Amino acid sequence: MGQRGVFITFEGIDGAGKTTQIDALEQWLKQEGVEVVRTREPGGTPLGEAIRAMLLHEGMHVTTETLLFFAARAEHISRVIEPALARGAWVLSDRFTDATYAYQVGAKGYPARHVEALESLVQGDLQPDHTVLFDVEPEIAAERLARVRELDRFETEDVEFFRNVRQAYLTRAAQMPSRFFILNTNRDKELVCEELLSEARKWR
Ligand code: Z5A
């Protein structure tokens, strides 16, 4: 059997600059001859994308919301992530379970023990090999997003909400320093990109 692939996740508050930098990393890995599977949560499968539309636009109870994130994740893992890792591909996922801890637990107060139970049920032992946390001041991120598009249900939350999300991410990163790499994205895109690629070279 060939070598298992590498599972990398990207996290941060909305507008932190993930999409921009994942593009650069994907391009570099492909130049290196690596098979890359680029995906996202919520989403990543046809059913997951249908759940994404509900999550981003319909109001719902936080329990419903959390269950839907994990329902989409179960599909995503079984149909996309596990098969790709098994054949040796690198999976780049824009968000994964750390987002549930940051948004639903950290900012909305959903009990962590319920998320832990769902994580174990849906993921078994699967965890990302590396997680890049895009860290930015909530005010800067909000300014960037307001310039580019209409906001969805999550993006219209106030600055205090995003402060809590950011704090929850930083707390998780401090608890798992070997998995997390914190990238300060308050700076120019080019500088952020250089730092990300120099970290990624260590993962090869
Ligand atoms: N969510 C959850 O609650 N629980 C969960 O378990 C999961 C998710 C999995 C998904 O939305 C939502 O679901 C999300 C969390 C919640 N909350 N919201 N909203 P999404 O996938 O649509 O949103 P996102 O993941 O936050 O993506 P985004 O909004 O597109 O942000 P981004 O990818 O981090 O940013 P970007 O598109 O790369 O950049 C935004 C703009 O800033 C763009 O114009 C860039 O050109 C500009 N930019 C980027 N970097 C810079 C720098 N360095 N300087 C200046 N300007 C920059």
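Residues numbered from 1 in each chain as written. Predicted model: local features only at pLDDT ≥ 70, side-chain atom pairs only at ≥ 80, totals over all residues. Heavy atoms only, no water.

Trainee: A description of unusual backbone geometry should follow, citing residues and the corresponding values.
Mentor: Glycine aside, residues mostly have negative phi angles, and peptide bonds mostly take the trans form. At the junction of Glu41 and Pro42, the peptide bond is cis and its omega measures out at -10 degrees in the coordinates. With respect to the helices, strands and loops of the structure, Pro42 is situated in the loop between strand E2 (36–40) and helix H2 (46–57). Phi at Arg95 takes a positive value of approximately 80 degrees, unusual for a residue other than glycine. Relative to the elements of secondary structure, Arg95 occurs in the loop between strand E3 (90–94) and helix H4 (97–107). Classification of Arg95 by relative accessible area gives buried; the value is 11%. (Helix = DSSP H or I, 4+ residues; strand = E, 2+ residues; numbered from the N terminus. Buried < 20%, exposed > 50% of the residue type's maximum accessible area, 1.4 Å probe, protein only.)

Trainee: Could you give an account of the site of the ligand, naming the residues involved and the relevant values?
Mentor: For the ligand, the set of nearby residues contains 30 residues, the closest of which are Asp14, Lys18, Thr19, Thr100 and Arg149. Within the backbone of Gly15, a nitrogen or oxygen atom sits 3.1 Å from an oxygen atom of the ligand. When atom positions are compared with the pocket grids, the ligand is found to occupy the largest pocket. For the shell around the ligand, the secondary structure elements donating two or more residues are helix H1 (18–31), H2, helix H3 (62–86), H4 and helix H6 (138–148). Across the shell around the ligand, the residue classes tally to nine nonpolar, seven polar and 14 charged. (Near = heavy atom within 4 Å. Polar contact = N/O pair within 3.5 Å; in protein donor to acceptor, adjacent residues only side chain to side chain. 1 Å grid on protein atoms, 1.4 Å probe; cavity = no way out; pocket = protein on both sides within 12 Å on 5 of 7 lines; lining within 4 Å. Sits in = over half its atoms within 2 Å of the grid points. Nonpolar A, V, L, I, M, F, W, Y, C, P; charged D, E, K, R; others polar.)

Trainee: Report on helix H5 (residues 112–123), specifying residues and quantitative values.
Mentor: Between its terminal C-alpha atoms H5 stretches 16 Å, which fits the 16 Å expected from 12 residues at 1.5 Å a residue. For H5, the full list of buried residues reads Val115, Leu118, Glu119 and Gln123. Looking down the long axis of H5, one finds its buried residues gathered within 105 degrees of arc, a one-sided arrangement. Along H5, exposed side chains directed more than 90 degrees from the buried face belong to Arg113 and Leu121. Along its buried surface, H5 packs onto H3 and H4. (Expected span 1.5 Å × (residues − 1). Arc of directions from axis to C-beta. Contact = heavy atoms within 4.5 Å.)

Trainee: Go over the packing of aromatic side chains, please, and point to the residues and values.
Mentor: The relation between two aromatic rings is expressed through the spacing of the ring centres and the mutual angle of the planes. One pass over the full model with this rule turns up seven aromatic pairs. Here Phe10 and Phe134 contribute two aromatic rings whose centre-to-centre distance is 6.3 Å and whose plane-to-plane angle is 50 degrees, an arrangement assigned as tilted. In this pair, Phe10 is assigned in strand E1 (residues 6–12) and Phe134 in strand E4 (residues 130–135), connecting sequence segments 124 residues apart. Overall, Phe10 belongs to the buried group, its relative accessible area being 0%. Cluster of aromatic residues (ring-pair linked, three or more members): Phe69, Tyr103, Phe154, Phe161, Phe162 and Tyr169. In this structure, Arg73 packs its charged tip against the face of Phe70, placed 4.7 Å from the ring centre. (Phe/Tyr/Trp six-rings, centres within 6.5 Å; stacked < 30°, edge-to-face > 60°. Lys NZ or Arg CZ within 6 Å of the ring centre and 35° of its normal.)

Trainee: Provide a residue-level description of the environment of Thr156, including the pertinent values.
Mentor: Secondary-structure assignment places Thr156 in the loop between H6 and helix H7 (159–175). In the structure, Thr156 is positioned 14 residues away from Ala142 in sequence and 9.3 Å away in space, judged by C-alpha atoms. For Thr156, the side chain forms a polar contact with the main-chain oxygen of Arg153, separated by 3.0 Å.

Trainee: Which residues make up empty space enclosed by the protein, and what values do they have?
Mentor: Counted by the stated rule, this structure contains one cavity of 30 Å³ or more. Within this model, the largest cavity holds a volume of roughly 30 Å³. What lines the largest cavity is simply Gly12, Ile13, Leu133, Phe134, Asp135, Val136, Arg166, Tyr169 and Leu170. Where the lining of the largest cavity is concerned, the elements lending two or more residues are E4 and H7. (Points joined across faces, edges and corners; volume = space filled by probe spheres on them.)

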